[in-house]
Amino acid sequence: MLIALDLEMQIEMFGYRLTRYASSYDTALAVATETLPDIALIDGNLADGPTGVRIAEMLDERGVYCIAVSANPEIFAECECIGTFLNKPYEVGQLKAALRQAEAAVASRRTGQGGEA
């Protein structure tokens, strides 16, 4: 929980708004249904196991830019729907760069100026 709070503070410090936090597959599915975000940060291992890839695939199908955040990059090795990967532990600057890259990709999708990031 402390890590999630720290991440939320960092995200807000960069000028973004965290809509919801989900620690399990079912909660993430409910959050995605209620509030479809533009960008999602997804850990490979949620409270119910390695379900992050399933969440990323579902969000990608709905047009959400996915940033994988994991200490186990092999979890996302076969996942083609990840726009950016952050290897834990990451530097604050790496998080900021990943969010900026995601923001640019989302803007590009909206204006139709370019392909996937």
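Check the entry above for the structure.
Residues numbered from 1 in each chain as written. Predicted model: local features only at pLDDT ≥ 70, side-chain atom pairs only at ≥ 80, totals over all residues. Heavy atoms only, no water.

1. Concerning the overall build of the protein chain
Reasoning step 1: When its secondary structure is counted, the protein chain shows four helices and three strands.
Reasoning step 2: Taken against the 2.2 N^0.38 rule, which gives 13 Å for 117 residues, the C-alpha radius of gyration of the protein chain at 13 Å falls within 12% of a compact globule.
Reasoning step 3: Principal-axis analysis of the C-alpha atoms gives the protein chain an extent of 40 × 30 × 30 Å.
Reasoning step 4: Across the 117 residues that make up the protein chain, the buried fraction comes to 37%.
Reasoning step 5: When contacts within the protein chain are restricted to residue pairs at least 6 apart in sequence, those whose partners lie at least 24 apart make up 54%.
Reasoning step 6: In the structure as shown, the protein chain presents an accessible area of about 6,900 Å², 52% of it carried by carbon and sulfur atoms.
Reasoning step 7: Taken together, the 9 basic and 17 acidic charged side chains of the protein chain have centroids lying 7 Å from each other. (Helix = DSSP H or I, 4+ residues; strand = E, 2+ residues; numbered from the N terminus. Rg over C-alpha atoms; globule rule 2.2 N^0.38 Å. Buried < 20%, exposed > 50% of the residue type's maximum accessible area, 1.4 Å probe, protein only. Contact = heavy atoms within 4.5 Å. Areas by Shrake-Rupley, 256 points an atom, 1.4 Å probe, with all protein chains shown as cover. Lys, Arg positive; Asp, Glu negative; His and termini not counted. Charge placed at Lys NZ, Arg CZ, Asp CG, Glu CD.)

2. Digging into the packing of helix α1 (residues 2–13) against helix α4 (residues 92–111)
Reasoning step 1: It is at 10 Å that the axes of α1 and α4 come closest, and there the two elements cross at 60°. In this view, α1 runs oblique relative to α4, as classed from their interaxial angle. Of the two possible hands of crossing, α1 and α4 adopt the one that is right-handed. Of the residues in α4, those in contact with Leu7, Gln10, Ile11 and Met13 of α1 are Val92, Leu95 and Leu99.
Reasoning step 2: A class-by-class count of the residues in the contact of α1 with α4 yields six nonpolar, one polar and no charged. (Axes fitted to C-alpha atoms, helices over the stretch in contact; angles between N-to-C directions. Parallel < 35°, antiparallel > 145°, perpendicular 65-115°, else oblique. Left-handed = near helix turned anticlockwise from the far one by under 90°. Nonpolar A, V, L, I, M, F, W, Y, C, P; charged D, E, K, R; others polar.)

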